[in-house]
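# Architecture and fold: a report
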Amino acid sequence: MLPGGNGPVSMEELEWWVALNMVPGIGPVRYRRLLERFGSAKDVFHAKERDLALVDGIGPEMASAISGGLELLERAKREVEVAERKGIKILVLHQDGYPKNLLGIFDPPPVLYVRGQILPSDELAIAVVGTRSATEYGRLVAEKMGSELARRGITVISGLARGIDSAAHRGALSARGRNLAVLACGVDLVYPPENRDLARRIAENGALISEFPLGTKPVKQNFPMRNRVISGLALGTVVVEAGDKSGALITAAFALDQGREVYAVPGNITSRMSKGTNGLIKRGAKLVDSVEDIVEDLSDLFKWIKVERPEEPIKRSEALILEILEEGPMHMDLLMERSGMGFGELSAALIGLQLKGLVRQMPGDLFSKV
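Residues numbered from 1 in each chain as written. Predicted model: local features only at pLDDT ≥ 70, side-chain atom pairs only at ≥ 80, totals over all residues. Heavy atoms only, no water.

## Structural notes on the layout of surface pockets
What the largest pocket holds in volume is close to 590 Å³. Elements with a contribution of two residues or more to the lining of the largest pocket: helix 8 (136-151) and strand 11 (359-362). Counting residues per element, the lining of the largest pocket draws most heavily on helix 8, which supplies seven residues. Of the residues assigned to the lining of the largest pocket, the class counts are eleven nonpolar, five polar and six charged. (1 Å grid on protein atoms, 1.4 Å probe; cavity = no way out; pocket = protein on both sides within 12 Å on 5 of 7 lines; lining within 4 Å. Points joined across faces, edges and corners; volume = space filled by probe spheres on them. Helix = DSSP H or I, 4+ residues; strand = E, 2+ residues; numbered from the N terminus. Nonpolar A, V, L, I, M, F, W, Y, C, P; charged D, E, K, R; others polar.)

## Points about helix 10 (residues 196-204)
All buried positions along helix 10 are accounted for by Leu198, Ala199, Ile202 and Ala203. Along the axis of helix 10, the buried positions cluster into a sector of 135°, meaning they face one direction only. Tucked inside the fold, the buried residues of helix 10 contact strand 2 (111-116), helix 9 (164-174), strand 5 (179-182) and strand 6 (206-210). (Buried < 20%, exposed > 50% of the residue type's maximum accessible area, 1.4 Å probe, protein only. Arc of directions from axis to C-beta. Contact = heavy atoms within 4.5 Å.)

## A look at the sheet that holds strand 12 (residues 366-369)
The three strands lie next to each other as 10-12-11, forming an open sheet whose pairing is antiparallel. Edge positions in the sheet fall to strand 10 (330-331) and strand 11, since each of these pairs with one other strand and no more. (Pairing = 2+ DSSP bridges.)

## Section: empty space enclosed by the protein
Scanning the model with the defined rule gives one cavity of 30 Å³ or more in all. In this structure, the largest cavity spans a volume of roughly 50 Å³. Surrounding the largest cavity, Arg132, Gly159, Ala161, Val182, Leu183, Ala184, Cys185, Tyr191, Pro218, Phe223 and Arg226 form its lining. Grouping the constituent residues of the lining of the largest cavity by class yields eight nonpolar, one polar and two charged.

This is the structure we're talking about:
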């Protein structure tokens with residue numbers, strides 16, 4: 001099957017595609033060049049070594065690895081069987097169901113593993129990324145962004161990492177919205193392991209996606225590759241909080257290279273976790289402090305945005321806090337005393353009210369009604 005084709009892929013074709021994806025050092029660009037030269041993954045494996053070596057970027061050493069890699073077909077057959085048994089779908093480039101947004105980047109993954117389901121509506125997507133070492137401010141903003149995007153029918157994309165990524169995914173789930181998580185490991189694994197339940201919920205309300213074969217560990221070099229897929233699946237990328245060396249800045253760079261929009265949430269100038277985002281703004285990224293900024297900026301693309309869903313009902317504990325805050329801004333300690341709530345219950349109520357846009361946190365642990 002040539003790049004640019006479409007339609008269903010036979011089981012035999014799929015196995016050859018998967019086998020070629022398993023050859024060490026064959027990235028998406030070399031993969032595409034081989035298909036353009038030989039026509040199909042099967043024909044690549046059956047090509048003469050000298051002909052393989054003439055393909056740009058291949059050379060004698062990699063040509064030898066490909067021509068000697070026919071045994072990978074047996075491994076690929078087992079891979080396809082395991083994927084089917086585990087309910088994991090394998091998509092190849094330009095096949096029906098392959099994400100259209102990814103086709104617009106320079107180096108789309110030739111093979112994608114999907115745990116869950118990618119829908120046509122997921123073309124209307126925004127990536128929300130940031131540091132793993134997020135502050136409370138960053139987590140709150142990311143969760144709010146995820147929730148508000150989901151309420152407008154916009155799919156939220158992130159990388160399932162600790163910190164900002166996890167908060168964005170949770171926000172989308174809280175609004176019962178669509179979620180895509182791109183992994184730097186096989187979709188049969190979860191990294192970080194504490195996000196196992198979050199990954200399960202995402203797969204039920206979207207998909208876990210990876211270009212790496214099943215069982216692939218999350219090694220360091222996989223993360224930049226993962227980041228280009230995050231930005232490539234989205235119409236724009238929002239960086240919520242990032243240090244000056246955060247991987248989220250790599251995602252933003254990929255987005256720019258792919259011709260996608262980059263947005264940054266401003267942060268405290270004294271916080272090292274805001275240096276990256278504030279730096280993006282200085283270099284021309286669009287400053288956003290609400291989802292409305294993104295929707296307005298991409299209004300021509302957002303033609304299918306759903307009407308915002310009704311707000312979730314106010315919980316009894318939240319209603320009590322709102323009633324107390326009618327008197328004016330109040331310190332958390334006094335709120336605990338007046339409400340009779342414990343620290344955990346009060347914190348949960350305040351975060352819920354902030355996500356609903358009803359309460360604002362002020363310096364010095366003061367809270368006020370919006």
